[in-house]
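Breakdown of the fold
Spelled out, the chains give:
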Amino acid sequence: MSSATSNLSSTHSVRTIAVLEECIEKLQFLGAIAPDVLSHRDELTAFVGGEISRIISTQRELENRYEKLITERGALKGLSNKTKYIAVQSEIQDVSHALRESTKSLCRNLKDNPNIAGNLVKIHRERTELIDILTSSIAELQESGNFDTLMSRVTSDKRSQEDQKEILRKERETAASVAQLDADLEAERSDHASIVSEQREEMAMLKEKLLSVRTEASVDVRFQRAEANANTGNILRSFRQVEAEMEAKIRELKEKLEVESTVNAESEKFLRKKQENLKAKLEEWNLKYDDDLEELTVKFNQLVKKREDNLEILVKLKKRRDQEIAEEKAKIAAEQAEKEAAAAAEKLSIKMDQAATYINAMVRRYLKRKAELAAAKGGKKGKKGGKKGKKK
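Described below are features of the structure shown in this document. Since this is a predicted model, take the numbers as computed values, not measurements.

**Notes on the overall build of the chain**
A tally of helices and strands in the chain yields seven helices and zero strands. When the helices and strands of the chain are placed in sequence order, the string is α-α-α-α-α-α-α. Looking at the 392 residues of the chain, the share that counts as buried comes to 13%. Sequence separation of at least 24 residues holds for 75% of the intrachain contacts in the chain that already meet a minimum separation of 6. Total accessible area computed for the chain in this model is approximately 31500 Å², and 57% of it derives from carbon and sulfur atoms.

So this is what it looks like as structure tokens:
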């Protein structure tokens, strides 16, 4: 490749030009004798075309026959007599085999006898292109001493050949895969046929067993019928006995139901009367609660007022005592005044303690009474709710 990109010497250029010119002359000679081959093109095409047409016609007939047999097999599936169905199935297999052979023959003929006219035209076109490339190369050698056009064309053709080889390799792999799939399909068909045969044998055995069972059933039917009638009589008698016992239980339950209904009515009457009494007592207690509450409220207010008055008196006494202490000058008089004020304060404190004790006792009594009334109301409301639920 390095010699192709560099310029050739004049000697090498002359030799190369002579070789290329000789190639051009030979190619032109082949182009001159080509019409003799083209004169027999129509005869070859007619012979090959007739053979291929005959194979295609045969294949179409086989395809039509295969479709008809498939339709006929579908119509025979529901029949009890399988003889004709088996014959049609066998013929379908034969036609399918013949159809595969016809397809192989057609592919082989198309591969062995390609389009002669197209190939000749292609040869003529490629030969002309080669002559043009060689002429251009001679001109390049004469001008610059190199042949880049020829080298680029050779490189391109090599690349195309490699691509074609890759395509052929993939086609061979595809053909091998197809052949493997055909073999798998044939094996699957063989397995299916063996399974169908086994199923038919099993069906025949089952039919024989069914016939045997029917025969035995027809023999034993009278004995089984008599035995069944006897069993039916026994069961009927036992059912009647159970029915009588159940009727007695029903009567007993009805009597119990009437007693329970009477007791329930009396209980309901008693509970309603008790409910009315409790309601009256509740109203009475509510009125008493209101009266007691009002009375205790009045007493509480009086005690509060009395306490306030005592507080005012205490304030006045303190003021008076202060004035007396200020007026007194002598120590004896001051001590006497202090003793009197202490005695008065002690008396007032006792009264205030008594008043506070009384007030606290009244408040506790009031709060206790209020809590008892609230608890009584809550209990009565719960009882009313329970009794209403029972009544519903």
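**Regarding the layout of surface pockets**
By volume, the largest pocket amounts to about 820 Å³. Around the largest pocket, the lining comprises 24 residues; the ones closest to its centre are Gln-89, Gln-93, His-192, Ala-193 and Val-196. For the lining of the largest pocket, the secondary-structure elements that each account for two or more residues are helix 3 (41–75), helix 4 (83–112) and helix 6 (148–327). No other element matches helix 6, which puts 12 residues into the lining of the largest pocket. Across the lining of the largest pocket, the residue classes tally to nine nonpolar, eight polar and seven charged.

**Details of a negative patch on the surface**
A contiguous patch of negative charge on the surface is contributed by Asp-182, Asp-184, Glu-188 and Asp-191. Tracing the chain through its elements places Asp-182 in helix 6.

**With respect to the environment of Ile-24**
Topologically, Ile-24 is positioned in helix 2 (residues 10–38). Taking relative accessible area as the criterion, Ile-24 reaches 10% and is therefore assigned buried. Spatially, the C-alpha atom of Ile-24 lies 9.5 Å from that of Arg-127, the residues being 103 residues apart in sequence.

**Considering the environment of Cys-23**
By the secondary structure assignment, Cys-23 is in helix 2. With relative accessibility at 33%, the residue Cys-23 sits in the partly exposed group. C-alpha of Cys-23 to C-alpha of Leu-130: the two residues are 107 residues apart in sequence and 9.6 Å apart in space.

**A few points about the nonpolar core**
Counting residues in each nonpolar core, the largest one holds 12 residues, listed as Ile-17, Leu-20, Ile-24, Leu-27, Ile-131, Ile-133, Leu-134, Ile-138, Leu-141, Phe-147, Leu-150 and Met-151. At the level of secondary structure, the elements contributing two or more residues to this core comprise helix 2, helix 5 (116–143) and helix 6. The biggest single contributor to this core is helix 5, with five residues. If we ignore the near neighbours within four places in the chain, the residues touching Leu-27 are Arg-127, Leu-130, Ile-131 and Leu-134. Residues Leu-62, Leu-76, Val-88 and Leu-99 belong to the second largest nonpolar core, which totals eight residues.

**Here we look at the pattern of salt bridges**
Taken as a whole and judged by the stated rule, the model has eight salt bridges. Between Arg-169 and Glu-166 there is a salt bridge, with its nearest N and O atoms 2.2 Å apart. Taken together, the residues span about one helical turn, with Arg-169 and Glu-166 both in helix 6 at a distance of three residues. Glu-173 is paired through a salt bridge with Arg-169; the nearest N and O atoms lie 2.4 Å apart. With a gap of four residues between them, Glu-173 and Arg-169 both fall in helix 6, about one helical turn apart. Using a relative accessible area of 36% as the deciding quantity, one classes Arg-169 as partly exposed. Here the salt bridges share partners, and the residues they tie into one network are Glu-166, Arg-169 and Glu-173.

Basis of the calculations
- Residues numbered from 1 in each chain as written.
- Predicted model: local features only at pLDDT ≥ 70, side-chain atom pairs only at ≥ 80, totals over all residues.
- Heavy atoms only, no water.
- Helix = DSSP H or I, 4+ residues; strand = E, 2+ residues; numbered from the N terminus.
- Buried < 20%, exposed > 50% of the residue type's maximum accessible area, 1.4 Å probe, protein only.
- Contact = heavy atoms within 4.5 Å.
- Areas by Shrake-Rupley, 256 points an atom, 1.4 Å probe, with all protein chains shown as cover.
- 1 Å grid on protein atoms, 1.4 Å probe; cavity = no way out; pocket = protein on both sides within 12 Å on 5 of 7 lines; lining within 4 Å.
- Points joined across faces, edges and corners; volume = space filled by probe spheres on them.
- Nonpolar A, V, L, I, M, F, W, Y, C, P; charged D, E, K, R; others polar.
- Patch = residues over 30% accessible without salt bridge, like charges linked within 9 Å, V, L, I, M, F, W, Y side chains within 5 Å.
- Salt bridge = Lys/Arg side-chain N within 4 Å of Asp/Glu carboxyl O.
- Lys, Arg positive; Asp, Glu negative; His and termini not counted.
- Charge placed at Lys NZ, Arg CZ, Asp CG, Glu CD.
- Core = buried A, V, L, I, M, F, W, Y, C linked by side-chain atoms within 4.5 Å.

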